Every structure is written in C-alpha cells, then in structure tokens.
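# A closer look at the structure
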Amino acid sequence: MDDKIWISSPHMGGTEMKYIQDAFDENWIAPLGPNVNGLEKDLETYLGKEVHVAALSSGTAALHLALILLNIKAGDYVICQSLTFSASANPIIYLGAVPIFVDSEKETWNLCPNAVEDAIKFGISKGKKPKAIITVSLYGMPHQVDEIKEISQRFDIPIIEDSAEALGSTYKNQKCGTFGDFSVISFNGNKIITTSGGGALVAKNIEFKNKAVFLSTQAKDEAPHYEHTSIGYNYRMSNISAGIGRGQMEVLDLRVQQRRKNHLFYKELFKDNSRFILHTEPNENYFSNHWLNVITIDPDQHYTQEMVREKFLRKNIETRPIWKPMHLQPIFKGAQYFGSDLAERLFQNGLCLPSGSNLTEKDLQRITATFEELNQLL
Ligand SMILES: *Cc1c(COP(=O)(O)O)cnc(C)c1O
C-alpha cells in the first residue's frame, strides 16, 4: 500500500526546535514566557493593521473570550454562519446564548448578507437584537467583508471574525484576521501553520488584549494572595507551543505560496472537466490561502461525493465531505435558521481534497491518476 496522503498535515519549517530549546534552556516551561510574547509580536507585525494579539490555547478559546469580551449573556442571540466547523458555534452555547444560523452565498460560501439581515430583523421583532455576528472565511476564502461590515454598522452589531482557516488570506489587500471587532486564528495541527494546538485572539485595542490575557490566566486581581472579582479561564498558550509557532511564522508566507500552488495544480486538473467544479476566488479582491481545496461534484453526472471519496480511500488518499451545516446537526436541532438550501447542497456535493503544503510531486501524480481512473468509469 502506498503511504497515506492526508488532507492537511503539520509541516515544520526547521527552526521550531531552536525556540523550544531556548524555552528549555531558560526553564520557561509554562503558559508564559518569551516565546508567547514573541509569537504575539510576530503576529501583530504580520497582520500589519494596528492590532493587538493574545496567544491562547486554541481558536475555540479565542472565540469564547471574544463573546465574553462583547458581554454576551445567557439568552442573547448570536448570528453564526451555518456552514462551518462546530467550534465556530459551540462557544455561544458555553455562555447559554442562542445561535441563529445563517446560510452561505454562492461566491465565497460564507455568510449570505441578505440572510444575515433577515436574521437581525427576526431578533429585533422578538425584542432582542442579536449581540454579535460570527463570520467565517471557510477553507481560507475571505467572506464578503464589505457587505457584512455595512450591515454590522447599519445595525450596530459587532463582528467576530472566525479566521481560523484563513491566516494568510486577504481581501482587498488587507489580511484576514483584521476585519472583526475581534478576530480569531487557530494553530491546530491541521491548519496552515500549527503550534500543535493553539490559537490567538486579535483585538482592535490594547485594553481588550490585556483583558483577554487576564481572563485566560485565571483572572487573578492585583494582590499578594489570589484575589478574584471575575471568573477566569485557563486558556493561555504554553511557551513550548509558542516556540513552535515562532518557527512556523518564519515560513507562513512560503506555506501560503505552497498551498496556492496546489490550487493551481487542481485548477489545471479540472480545467476541461465539468464534473468536478473547483471552488475558487470570485474576483481579484479575494486572495485565499487555499488552506483546503474543495470541489463540488455535479450530481447529474453520475458521480456522487461518496463514490469519489471511496475511490480515493482505496488508494490510501484522504478526502472529506464539506463541514455539515450547523442547522442540520442533531445538537442544534430546532435552532433558528435563515437562508435557503445552499449550505445543505454544498454539504451534499462538496469534497475537500489533499491540500497540505508538504504534498510531493509523487503525491500529486497519485491524485491525478486516481481522477483519471474515475473519469474512465464513465
Ligand atoms: C479549527 C477551527 C476552529 C477552532 O480552532 P481550534 O484551534 O481547533 O480550537 C474554529 N473555527 C473554524 C472554522 C475552524 O476551522
């Protein structure tokens, strides 16, 4: 059997061990230290837009803290993209708040502005204007930033930008991770760069960053003993993980190039093929890191997503259906939903393909050969 080809696996740059060694040499084996501060600086420089970054234990923790910093309370409505990973929505539930899920639009597969507006008006009609809008830039594709921002301003509702999959993507030359009142980045093992597990909260001002750090380190007030006036969390990033992150930041631009090169490979592979439609940027305002390449499979052409997935599985190549929309998940049964059936159709017909920055020429050849075999089935 050939080696497994993964959808997206960790890809070290080479200098990570140096930062980890520094941590060991100086005994900074803790959720604080020079690597944590260094990674925050690196990210602030990279994002380049007067932002303040708190390094945390996960992207999910960052989303949770963003909701807390926006003062979301039990019973509040929060709008959230339905077509996403569950971690976008779960922190709403941690707080006892109520998600309203919203469909995607067909260009970027992210929040549909019209459906967002319907969701807001629904909340207002119940006497409860939604307290936040969680936008996602799915698979690295930036969301419709201007359209969503206009709605956020018109109704005065803050945006939490879930940029977990979109570090390195840009919209009109501005980096994803700088568009929300708060933005969230993930360094989980499958993301474009990784700290093994980790995340970051991006804030517009230093007070919010400091507050996030305070809450993420058990909310200890100034006192010789431990004094608490708020509920804290143990959400800070470890100095070891941050060491991996510092090494990974050195290769982030390279990783974006490599993933975009995979996208060109797939573009070429499917260029004369109407059965497999590659999801790509709608116009030059959008620059995706192409964290994952995704195709939709035309169900009228005798293939199903499952046939393709199984074919690849037999060749020891991992592919995966698109995220199952949250409004279709058993755990969110009965939640409010606005939009039509686009997210559901994408889920039925979409498939994520191997997209790691470490794919070899031989891997790409195996992928090409498998698609050729599939084409011959018809
Ligand atoms: C990975 C991911 C998260 C969560 O990040 P973690 O670091 O794994 O907690 C949130 N939202 C989306 C869209 C993700 O892909």
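Just so it is clear, the structure is predicted and the values come from calculations on it, not from any experiment. (Residues numbered from 1 in each chain as written. Predicted model: local features only at pLDDT ≥ 70, side-chain atom pairs only at ≥ 80, totals over all residues. Heavy atoms only, no water.)

## Section: the sheet that holds strand β11 (residues 286–287)
Read across the sheet, 3 strands follow the order β7-β6-β11 without closing on themselves; strand pairing throughout is antiparallel. Looking along the sheet, the strands with just one partner apiece sit at the ends: β7 (174–175) and β11. Pairing of strand β6 (residues 170–171) with β7, which is carried by 2 bridges, proceeds in the antiparallel orientation. Looking across to β7, one finds that Tyr171 is bridged to Gln174. (Pairing = 2+ DSSP bridges. Helix = DSSP H or I, 4+ residues; strand = E, 2+ residues; numbered from the N terminus.)

## So, the domain arrangement of the chain
What the domain assignment reports for the chain is domain 1 (16–250) and domain 2 (253–376). With centres defined by C-alpha atoms, the gap from domain 1 to domain 2 works out at 26 Å. With both sides pooled, the region where domain 1 packs onto domain 2 buries about 3500 Å², and carbon together with sulfur makes up 66% of that total. Taken together, the links from domain 1 to domain 2 amount to 0 salt bridges. Counting the contacts that link domain 1 with domain 2 gives 21 residue pairs in polar contact (both at pLDDT 80 or more). Only α4 (90–94), β3 (98–102), α5 (113–125) and β6 provide two or more residues apiece to the side of domain 1 that touches domain 2. Each residue belonging to the side of domain 1 that touches domain 2 can be placed in one class, and the counts come to 22 nonpolar, 13 polar and 8 charged. (Domains from an automatic or database assignment. Buried area = accessible area lost by both parts, 1.4 Å probe. Salt bridge = Lys/Arg side-chain N within 4 Å of Asp/Glu carboxyl O. Polar contact = N/O pair within 3.5 Å; in protein donor to acceptor, adjacent residues only side chain to side chain. Nonpolar A, V, L, I, M, F, W, Y, C, P; charged D, E, K, R; others polar.)

## Points about the layout of surface pockets
Empty space among the atoms becomes apparent when a probe as large as a water molecule is rolled across them. Considering only enclosed or pocket space, the largest pocket measures out at about 260 Å³ in volume. Lining the largest pocket are 22 residues, with Phe85, Ala87, Ala164, Ser186 and Lys191 sitting closest to its centre. At the level of elements, α3 (59–69) and β8 (182–186) are the ones that each hand at least two residues to the lining of the largest pocket. In terms of residues, the lining of the largest pocket owes the most to one element, α3, which gives 3 residues. By residue class, the composition of the lining of the largest pocket is 8 nonpolar, 11 polar and 3 charged. Empty space within the second largest pocket amounts to approximately 180 Å³. Along its surface, the second largest pocket is lined by Gln258, Lys261, Asn262, Phe265, Gly356, Ser357, Leu359, Thr360, Glu361 and Leu364. Of all elements in the fold, only α9 (252–269) and α12 (361–376) reach the threshold of two or more residues within the lining of the second largest pocket. It is α9 that provides the largest number of residues to the lining of the second largest pocket, a total of 4 residues. (1 Å grid on protein atoms, 1.4 Å probe; cavity = no way out; pocket = protein on both sides within 12 Å on 5 of 7 lines; lining within 4 Å. Points joined across faces, edges and corners; volume = space filled by probe spheres on them.)

## Looking at the pattern of salt bridges
Under the criterion given, the structure shown has 16 salt bridges. Measuring nitrogen to oxygen at the nearest pair gives 3.6 Å for the salt bridge that ties Arg366 to Asp2. Of this pair, Arg366 sits in helix α12 while Asp2 is found in the segment before α1 (16–25), placing the two residues 364 residues apart along the sequence. With relative accessibility at 12%, the residue Arg366 sits in the buried group. Here Lys172 ties to Asp146 by a salt bridge, and the two come within 2.5 Å at their closest N and O atoms. With a gap of 26 residues between them, Lys172 in the loop between β6 and β7 and Asp146 in helix α6 (residues 145–155) connect regions that are remote in the sequence. (Buried < 20%, exposed > 50% of the residue type's maximum accessible area, 1.4 Å probe, protein only.)

## Describing the site of the ligand
Neighbouring residues of the ligand: 15 residues in total, closest Thr60, Asp162, Glu165, Ser186 and Lys191. Glu165 is positioned such that a nitrogen or oxygen atom in its side chain is 2.5 Å from an oxygen atom of the ligand. In the complex, 93% of the free accessible area of the ligand, which totals 380 Å², lies under the protein chains. Placement of the ligand is best described as lying within the largest pocket. Its residues assigned to classes, the shell around the ligand comprises 4 nonpolar, 8 polar and 3 charged. (Near = heavy atom within 4 Å. Areas by Shrake-Rupley, 256 points an atom, 1.4 Å probe, with all protein chains shown as cover. Sits in = over half its atoms within 2 Å of the grid points.)

## Side note on the sheet that holds strand β2 (residues 77–81)
Pairing within the open sheet is mixed, and its 8 strands lie in the order β1-β9-β8-β5-β4-β2-β3-β14. Pairing within the sheet leaves two strands with one partner each, and these edge strands are β1 (52–56) and β14 (336–338). Along the sheet, successive strands turn relative to each other by an average axial angle of 20°, direction set aside. Pairing geometry for strand β5 (residues 159–162) and β8, over 3 bridges, is parallel. Counterpart to Glu161 in the pairing with β8 is Ser183. (Axes fitted to C-alpha atoms, helices over the stretch in contact; angles between N-to-C directions.)

## So, the side chain of Asn110
Within the fold, Asn110 resides in the loop between β3 and α5. Of note is the side chain of Asn110, whose polar atom sits 2.9 Å from the backbone oxygen of Met141. Excluding residues that lie within four positions of it along the chain, Asn110 makes contacts with Gln81, Asp103, Ser104, Glu105, Val136, Ser137, Leu138, Met141, Pro142 and His143. (Contact = heavy atoms within 4.5 Å.)

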